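# Fold and contact review
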Amino acid sequence: MNSPHCAAPSSSAPQDHHDGGTACHGCGTSRRSFLERGALLGAVGVVGTVGLTACTDEIRAEDNAPSHHVGGSPTPAVDLADLPVGGMTSVMVEGRTLLISRPAEDEVHAFSAVCTHQGCTVAPATENGEEVFACPCHGSHFNVATGVPYGGPAQKPLTEYTAVVDGDRVLVTL
């Protein structure tokens, strides 16, 4: 069956298809053209992937992780009733997952839950009887009062947010 845009050859003689082309001389894509385009698209895909990988690695690079969040305004994060002295928690505040610890009555610390190694979500945990912020992906552990890593591949501390006790709640500057 012929395509309405592709007329059948005028003679019934066998067609010469050295390039693997179609019998209708230019209608459709020849096998060679198809393979050449596929190879070109494959090469573009490899180059694009390498470029994106380099970009992602740079974004994830520990040297690019900020140590302290700057700016914003104080935002309620958690009620003190939900965070006893010596406790820690993970909360979602304005679309950000924060880790908050309370080592003393009027002392609180807040950190980003994004691991500085490869961006996994860090969570409160107890390791060998010690309270830590732990990354489940590669085993990094962070101090709950400083955010400094002391185990696993992470080299930079968690990004710290300014946090204060205000009445019966914790405010974090976002």
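So, here is what we can say about the structure in this document. All values reported here derive from a predicted model rather than from experimental measurement.

Moving on, we come to the pairing of strand β11 (residues 169-173). Of all five residues that make up β11, four are buried, and the element is covered over most of its length. Pairing of strand β1 (residues 74-79) with β11 involves five bridges; the strand directions are antiparallel. Across the sheet, Asp79 pairs through a bridge with Arg169, a residue of β11. By the bridge criterion, four bridges tie strand β10 (residues 163-166) to β11 in an arrangement that is antiparallel. Counterpart to Val165 in the pairing with β11 is Val170. In textbook terms, the turn of a hairpin is the stretch between consecutive antiparallel strands, and for β10 and β11 this stretch comprises two residues, one of which, Gly167, has a positive phi near 65°.

If the charged atoms of two oppositely charged side chains come close together, the side chains can form a pair. Inspection of every chain in the model, using the stated rule, returns one salt bridge. One salt bridge connects Glu105 with Arg102, and the closest N-O pair in it is separated by 3.0 Å.

Another aspect to go through is the sheet that holds β1. Two orientations exist for strands paired in a sheet by backbone hydrogen bonds: parallel and antiparallel. Spatial strand order, β1-β11-β10: three strands in an open sheet with antiparallel pairing. Strands at the two margins of the open sheet, each flanked by one partner only, are β1 and β10. The average angle at which neighbouring strand axes cross in this sheet is 35°, direction not considered.

The next subject is the environment of Leu83. One can find Leu83 in the loop between β1 and β2 (87-93). Residue classification places Leu83 among the buried residues on the basis of a relative accessible area of 0%. The sequence separation of Leu83 and Val170 amounts to 87 residues, and the corresponding C-alpha distance is 9.0 Å. Excluding anything up to four places from it in sequence, Leu83 contacts Val78, Met88, Thr89, Ile100, Ser101, Arg102 and Val170.

A word on the state of the cysteines. Note: disulfide means a covalent bond formed between the sulfur atoms of two cysteine side chains. Applying the stated criterion across every chain, the model contains one disulfide. Residue Cys120 pairs covalently with Cys137 via a disulfide, S to S 2.2 Å. Measuring handedness by torsion sign, the sulfur bridge of Cys120 and Cys137 sits at about -105° and is left-handed. Of this pair, Cys120 sits in the loop between β4 (107-112) and β5 (123-127) while Cys137 sits in the loop between β6 (130-134) and β7 (141-142), and the two are 17 residues apart along the sequence. Residue class for Cys137 comes out partly exposed when judged on its relative accessible area of 41%. Counting only cysteine sulfurs, Cys135 is the nearest neighbor of Cys115, a cysteine outside any disulfide, at a range of 3.9 Å.

Let's shift gears to the nonpolar core. In this structure, Leu98, Ile100, Val170 and Val172 are the most contacted members of the largest nonpolar core, which totals 15 residues. Within the residue set of this core, elements represented by two or more residues are β1, β2, β3 (96-104), β4 and β11. Apart from residues no more than four positions distant in its own chain, Val170 is found in contact with Thr75, Pro76, Ala77, Val78, Leu80, Leu83, Ile100, Val108, Ala163 and Val164. Formed by 13 residues, the second largest nonpolar core is a distinct cluster that contains Phe111, Cys120, Cys135 and Val144.

What counts, and where the lines are drawn
Residues numbered from 1 in each chain as written. Predicted model: local features only at pLDDT ≥ 70, side-chain atom pairs only at ≥ 80, totals over all residues. Heavy atoms only, no water. Buried < 20%, exposed > 50% of the residue type's maximum accessible area, 1.4 Å probe, protein only. Helix = DSSP H or I, 4+ residues; strand = E, 2+ residues; numbered from the N terminus. Pairing = 2+ DSSP bridges. Salt bridge = Lys/Arg side-chain N within 4 Å of Asp/Glu carboxyl O. Axes fitted to C-alpha atoms, helices over the stretch in contact; angles between N-to-C directions. Contact = heavy atoms within 4.5 Å. Disulfide = S-S within 2.5 Å. Core = buried A, V, L, I, M, F, W, Y, C linked by side-chain atoms within 4.5 Å.

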